[in-house]
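Architecture at a glance
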Amino acid sequence: MKHYFLLGMIFLLLLFTRIGQAQERLDLSAQIPIVAWYGIRANEATVERFKELKEAGFTINFSEYSSLEEVEKALDAAHKVGVQLIIACPELRKEPEKTVRKFMEHPAVAGYFLRDEPVVADFAALGDWAKRIQAVDNRKFCYLNLFPTGGEEHLRFLGVQNYREYITRFNKEVPLPFLSFDHYPVLGDNVLKAEWYENLEDFSDEARKIGKDFWAFTLATKHGPYPVPTRASLRLQLYSNLVYGAQGLQYFTYWTPAGDSFYDYQHGPIGLDGKRTEVYDLVKDMNAEIRSIAGIF
């Protein structure tokens, strides 16, 4: 699989050549949304914590909160430092219209979270839910993240014959303004998954055919077979996503989640103890680098 590393390095070489040629033509006002998944927890939703998140280069926080009161507290704190939230709480599912009316005028609302990684059998209900939300507020986005590609067993689990069918059926049944998917390519000992670039190619091509932007992920937290992030692994993922046309970048995760015997999450930008780890500084540097050249993309 060394040729995939070579391919990635060629991408980066071409990219930075392009950057050098385009410096004078950059739109310095351009901004790429950068999302912190498993962002600031409810009990840490303070102005100081959102300022810390913003200083690391994030523009959007995504956390699931357990009540309307927790959402409101987080929105108010985030707004004071210029960060937005993709909101998620039980009330958004149970009473979507009422919940959206409560928050739709808050300037810190970026969008509304539906769920993560659905299968085809989930699409109809998700489409109905999204339509109910958008009937009340069509200025903010509904958000949902899709599965990556996989082998035959994975495709059967998704309910499709091939991965492109998964994307196109989702788009037909769930009316969202953009697409999102996750795929974490770097395994232990810096092995790159052979199918990752194929997944990027398929996803970006289908998004282009549909006429929608797509957002993609970078892994920022060690868990399971995935190693502690390095500057090189972050850069490879971020710039490969951008080269393939991603218009939004997402990190999994910002705050290190509580894990289990298999996942055992470690070394997220913010550790389980609430303190910054070495990955925080790496992520901060990478986001600053991307902001400085966002106009290219």
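Residues numbered from 1 in each chain as written. Predicted model: local features only at pLDDT ≥ 70, side-chain atom pairs only at ≥ 80, totals over all residues. Heavy atoms only, no water.

Details of unusual backbone geometry
Formally: Comment: elements are numbered from the N terminus, with helices defined as DSSP H or I runs of at least four residues and strands as E runs of at least two.
Residue threonine 253 is reached from phenylalanine 252 by a cis peptide bond, and omega for that bond is -5°. Residue position: threonine 253 is located in the loop between strand E10 (248-252) and helix H11 (278-292). Despite not being glycine, tyrosine 38 shows a phi value in the positive range, around 50°. Considering the arrangement of structural elements, one finds tyrosine 38 in the loop between strand E1 (34-37) and helix H2 (47-55). Positive phi, close to 60°, is recorded for histidine 267, a residue that is not glycine. Its place among the elements puts histidine 267 in the loop between E10 and H11.

Considerations on the nonpolar core
Applied cut-off: Note on terminology: a nonpolar core comprises buried Ala, Val, Leu, Ile, Met, Phe, Trp, Tyr and Cys residues joined through side-chain atoms within 4.5 Å. Think of it in three bands: residues with accessible area under 20% of the maximum for their type are buried, residues over 50% are exposed, and the middle band is partly exposed, with areas taken using a 1.4 Å probe on protein chains only. Here a residue-residue contact requires only that any non-hydrogen atoms of the pair lie within 4.5 Å.
Ranked by internal contacts, the top residues of the largest apolar core, which has 85 residues, are Phe50, Phe58, Leu114, Tyr166, Phe214 and Tyr251. The biggest single contributor to this core is helix H3 (residues 68-81), with seven residues. Residues contacting leucine 114, with those up to four places away along its chain left out, are Leu126, Trp129, Ala130, Ile133, Cys142, Tyr143, Leu144 and Leu176. Residues Trp37, Ile86, Ala110 and Phe252 belong to the second largest nonpolar core, which totals 18 residues.

Brief notes about the layout of surface pockets
Counted only if it meets this: Note on definitions: the grid is 1 Å and covers protein atoms alone; a cavity is a set of points where a 1.4 Å probe fits but cannot get out; a pocket is an open set with protein on both sides within 12 Å along at least five of seven lines; lining residues have an atom within 4 Å of a point. Grid points are joined across faces, edges and corners, and a volume is the space filled by probe spheres set on the points. Side-chain classes follow a simple rule in which Ala, Val, Leu, Ile, Met, Phe, Trp, Tyr, Cys and Pro form the nonpolar group, Asp, Glu, Lys and Arg form the charged group, and the remainder, Gly included, forms the polar group.
Approximately 460 Å³ is the volume attributed to the largest pocket. What lines the largest pocket is a set of 23 residues, among which Glu117, Asp182, Tyr184, His223 and Tyr263 lie closest to the centre. Split by residue class, the lining of the largest pocket holds 13 nonpolar, five polar and five charged. Its boundaries defined by the atoms lining it, the second largest pocket holds a volume of some 210 Å³. In this structure, the second largest pocket is lined by Gln31, Pro33, Lys54, Gly57, Phe58, Thr59, Ile60, Gly82, Gln84, Phe141, Trp215 and Arg291. A breakdown of the residues in the lining of the second largest pocket according to their chemical character gives five nonpolar, five polar and two charged.

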